[in-house]
Amino acid sequence: NAGVMQNPRHLVRRRGQEARLRCSPMKGHSHVYWYRQLPEEGLKFMVYLQKENIIDESGMPKERFSAEFPKEGPSILRIQQVVRGDSAAYFCASSPRQGADYGYTFGSGTRLTVV
Amino acid sequence: DQQVKQNSPSLSVQEGRISILNCDYTNSMFDYFLWYKKYPAEGPTFLISISSIKDKNEDGRFTVFLNKSAKHLSLHIVPSQPGDSAVYFCAARGTGANNLFFGTGTRLTVIP
């Protein structure tokens with residue numbers, strides 16, 4: 001009966017390193033959404049994926065950021081060559097179908113700190 | 001271009017009284033609105049929602065009101081309890097859209 005699992009909970013990276021954030025959706029959920037929360041701001045949409053497909057990446061920065069949701073395993077948000085401005089809380093949400101009519105389920109987030 | 005705005009960053013209410021959290025939006029294409037509650041170090045938890053075809057939705061102590069002409073919605077919690085102390089986010093979605101637009105949140109403190 002696990003909810004949306006994100007790991008790691010906290011991640012510290014030096015500038016220029018790569019960050020990999022993992023998200024395992026709830027059982028039976030095949031739709032995954034990534035959001036980012038910068039300090040003192042609300043959550044901002046990044047990307048929406050279904051198994052093996054990126055459906056909407058309109059919120060992803062054009063460079064250094066990528067996401068995948070393979071047939072097997074968790075969804076991965078990858079940030080290459082991290083910079084201080086990437087420091088934020090990254091939340092993953094999942095749902096059993098497209099849309100957010102009932103409010104999809106969020107994980108506890110990964111807090112990325114770039115030093 | 002903050003399309004969903006929560007202009008009160010914080011609110012304090014006495015236990016047992018009503019809490020009213022407000023939210024304004026600018027995009028007239030939004031057709032679904034949600035409220036999330038967030039505790040520190042946790043992800044947002046869905047609380048209640050409302051479709052644009054309604055003006056009120058109630059669930060226990062929580063009621064959401066929607067005023068489409070004013071592009072305004074509010075969340076009423078009555079009676080407020082200390083366990084309600086959290087950050088509340090308002091969110092909105094456009095027709096057929098995949099993503100939600102979130103406000104910046106209001107921190108509610110319910111004083112025992």
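Heads up: the structure comes first, above all this text.
Residues numbered from 1 in each chain as written. Chains lettered and ligands numbered in written order. Predicted model: local features only at pLDDT ≥ 70, side-chain atom pairs only at ≥ 80, totals over all residues. Heavy atoms only, no water.

*Asks:* Which parts of the structure should I look at to understand the overall build of chain B?
*Replies:* Along chain B, the regular secondary structure elements total zero helices and 11 strands. Tracing chain B from N to C terminus, the helices and strands come up as β-β-β-β-β-β-β-β-β-β-β. In terms of overall dimensions, chain B is globule-like: its C-alpha atoms have a radius of gyration of 13 Å, near the 13 Å expected for 112 residues. On the principal axes, the C-alpha backbone points of chain B span a range of 40 × 30 × 20 Å. Per-residue burial over chain B gives 47% buried out of 112 residues. Within chain B, contacts between residues separated by at least 24 positions form 54% of all contacts whose residues are at least 6 apart in sequence. By element, 50% of the accessible surface of chain B is carried by carbon and sulfur atoms, the whole surface being about 5300 Å². Charge centroids of chain B, computed over 11 positive and 9 negative side chains, lie 2 Å from each other. (Helix = DSSP H or I, 4+ residues; strand = E, 2+ residues; numbered from the N terminus. Rg over C-alpha atoms; globule rule 2.2 N^0.38 Å. Buried < 20%, exposed > 50% of the residue type's maximum accessible area, 1.4 Å probe, protein only. Contact = heavy atoms within 4.5 Å. Areas by Shrake-Rupley, 256 points an atom, 1.4 Å probe, with all protein chains shown as cover. Lys, Arg positive; Asp, Glu negative; His and termini not counted. Charge placed at Lys NZ, Arg CZ, Asp CG, Glu CD.)

*Asks:* Can you walk me through unusual backbone geometry in this structure?
*Replies:* Trans is the prevailing form of peptide bonds, just as negative phi is the prevailing case for residues other than glycine. Of note, the bond from Asn7 of chain A into Pro8 of chain A is cis; its omega dihedral lies within 30 degrees of zero at -5 degrees. By the element assignment, Pro8 of chain A lies in the loop between β1 (5-7) and β2 (10-13). The linkage connecting Val78 of chain B with the following residue, Pro79 of chain B, adopts the cis geometry, with an omega of -10 degrees. Within the secondary structure, Pro79 of chain B sits in the loop between β8 (72-77) and β9 (86-94). Here the phi dihedral of Arg64 of chain A falls at roughly 75 degrees; this positive angle occurs in a residue that is not glycine. For Arg64 of chain A, the location among the structural elements is in the loop between β6 (53-56) and β7 (65-68).

*Asks:* It is not clear to me how the nonpolar core should be interpreted in this structure. Could you clarify?
*Replies:* Side chains of nonpolar character tend, in soluble globular proteins, to be buried together. The biggest cluster of nonpolar side chains holds 23 residues, and the ones touching the most others in it are Phe33, Trp35, Leu73, Leu75 and Tyr88 of chain B. For this core, the elements supplying multiple residues, two or more each, are β3 (19-25), β4 (30-38), β5 (45-51), β7 (62-67), β8, β9 and β11 (106-111) of chain B. Top element by residues in this core is β9 of chain B. It accounts for four residues. Among all residues touching Phe33 of chain B, those that are not within four sequence positions of it are Tyr25, Ile48, Ser49, Ile50, Ser52, Leu66, Leu73, Ala91 and Ala92 of chain B. Ranked by size, the runner-up nonpolar core spans 22 residues in total, among them Leu11, Trp34, Val47 and Met60 of chain A. (Core = buried A, V, L, I, M, F, W, Y, C linked by side-chain atoms within 4.5 Å.)

*Asks:* How do you make sense of the interface of chain A and chain B when you look at a structure like this?
*Replies:* You'll often see interface size given as the accessible area lost when the parts meet. With 25 residues of chain A in contact, the opposing surface of chain B contributes 19 residues. For the pair chain A and chain B, the two sides together bury roughly 1600 Å², of which 52% comes from carbon and sulfur. Inspection of the chain A/chain B interface yields zero salt bridges. Inspection of the region where chain A meets chain B yields four residue pairs in polar contact (both at pLDDT 80 or more). A total of four residues in the side of chain A that touches chain B trace back to one element, the largest contributor, which is strand β5 (residues 43-50) of chain A. Classifying every residue of the side of chain A that touches chain B gives 11 nonpolar, seven polar and seven charged. (Buried area = accessible area lost by both parts, 1.4 Å probe. Salt bridge = Lys/Arg side-chain N within 4 Å of Asp/Glu carboxyl O. Polar contact = N/O pair within 3.5 Å; in protein donor to acceptor, adjacent residues only side chain to side chain. Nonpolar A, V, L, I, M, F, W, Y, C, P; charged D, E, K, R; others polar.)

*Asks:* What should I look at first to understand the environment of Glu40 of chain A in this one?
*Replies:* Relative to the helices and strands, Glu40 of chain A is located in the loop between β4 (31-37) and β5. Counting along the chain gives 30 residues from Glu40 of chain A to Pro70 of chain A, while the straight-line C-alpha distance between them is 33 Å.

*Asks:* It is not clear to me how the sheet that holds β1 of chain A should be interpreted in this structure. Could you clarify?
*Replies:* Either a parallel or an antiparallel arrangement is found when strands of a sheet pair, and the pairing is made through backbone hydrogen bonds. Residues and elements named next belong to chain A. Spatially, the four strands line up as an open sheet ordered β1-β3-β8-β7, and their pairing is antiparallel. The strands lining the two open edges of the sheet, one partner per strand, are β1 and β7. On average, each strand axis in the sheet is inclined to that of its neighbour by 15 degrees, with strand direction left out of account. For β7 and strand β8 (residues 75-79), the ladder comprises four bridges, and the chain directions are antiparallel. From the neighbouring strand, Phe65 faces β8, where its bridge partner is Ile79. (Pairing = 2+ DSSP bridges. Axes fitted to C-alpha atoms, helices over the stretch in contact; angles between N-to-C directions.)

Such coordinate-based values are descriptive only and should not be taken to indicate function.
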